[in-house]
Every structure is written in C-alpha cells, then in structure tokens.
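# A closer look at the structure
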Amino acid sequence: MSDRPLKDEVLEELGEDRLRGIAALLGTDADETLQVVGGSVASLTGVLTDDAVTPGGTAELCQAMEQAANETEPLPAAAAGFAGVRGGAQGGNGGGALVAVLTKVAAPAARAVAKRTGLPEQAVAGALESIIPVVAAVLARRAREKR
C-alpha cells in the first residue's frame, strides 16, 4: 500500500490536462486549483470518516452502498447534483459502490471547500464531479495493493 498522501496520488492520476479543465471550471490559476483539489480530496475522505463514526452517518453510508448494488434506485437527495458521476468509475469489485459512497458525501464536501476557498459552491461541485472517479480509482487501487 502506498505511503504517499491520497491527495498526491489523485493529483498525479488527474494529470495536467484534467487539472487545466478543472482550473477552467473553477476560474482559478494552477496553484489555486491544486489547493482546491487537495482540499476536495481531504473533504471527501473527511466527511466519509465523520459520517462513518456516527450512528446516523453509518446508516446513510450503508444506504448508499445498497443503492449502488441496486442501480435502479436513485441516489440520495443530497447527491442529486452528482448523478452523472455514478458511471465514471464503475466496474467490478465494488467500484460502483465506492463511487456511490463518494457521491453521497460530495455535497457536504463541496460546501466545505467552497466555504474555505470562497469559490462558488456550484463550481466546486462541478470540479468534484471530475475528481470523484479518480479518488475512487486510487482508493480501489490502494485496497487491491493492501490485499
């Protein structure tokens, strides 16, 4: 398993072209984009961790996992704006479930990053749509390496 910070692996996986696209979406320069992506990764995983340690959060995460297993059910209302992300990193071994869980925590993560950076929440949410499949891929790769 990698000892590198998750943020660094996600930035590497995104690559220059996608980072430029995210910068254009956010209306930021390269340095601020790197900060927003890093903050988004931290917020996604932080919200996930915070949710997982509270009884209500655990139930909501379990619901997201169940919904991912049954693709005909809608995403939770809080994740409605991220419905397009769902297909981005699907694939075997729970990739769809991981994307569903990350999508579920994307709305609170977008709010946190927007508040911290002063960027419009909708722009941050759009950036997260690009970042979520990459975060899921990196986490899945880490899980495979750990096994």
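Throughout what follows, the structure given in this document is the object of discussion. As the structure is a computational prediction, the values presented were derived from the model and not from experiment.

This part covers helix 1 (residues 6–26). Taking 1.5 Å per residue as the helical rise, helix 1 with its 21 residues ought to reach 30 Å, whereas the 22 Å between its terminal C-alpha atoms falls clearly short. Along helix 1, the sharpest kink reaches roughly 95°, centred on Gly15. Those residues of helix 1 lying buried are Leu6, Glu9, Val10, Leu11, Leu14, Leu19, Ile22, Ala23 and Leu26. Backbone geometry just downstream of helix 1 places Gly27 in the positive-phi region, at approximately 70°.

The subject of this paragraph is the nonpolar core. Membership of the largest hydrophobic core comes to 31 residues, with the highest contact counts inside it found for Val10, Leu14, Leu26, Val37, Leu44, Val124 and Ile131. Taken together, the elements giving at least two residues each to this core come down to helix 1, helix 2 (30–52), helix 4 (95–117) and helix 5 (121–146). Looking at this core element by element, the count peaks at 11 residues for helix 5.

Basis of the calculations
Residues numbered from 1 in each chain as written. Predicted model: local features only at pLDDT ≥ 70, side-chain atom pairs only at ≥ 80, totals over all residues. Heavy atoms only, no water. Helix = DSSP H or I, 4+ residues; strand = E, 2+ residues; numbered from the N terminus. Expected span 1.5 Å × (residues − 1). Bend = angle between axes of the 7 residues up to and from the residue. Buried < 20%, exposed > 50% of the residue type's maximum accessible area, 1.4 Å probe, protein only. Core = buried A, V, L, I, M, F, W, Y, C linked by side-chain atoms within 4.5 Å.

That is the geometry; function is a separate question.
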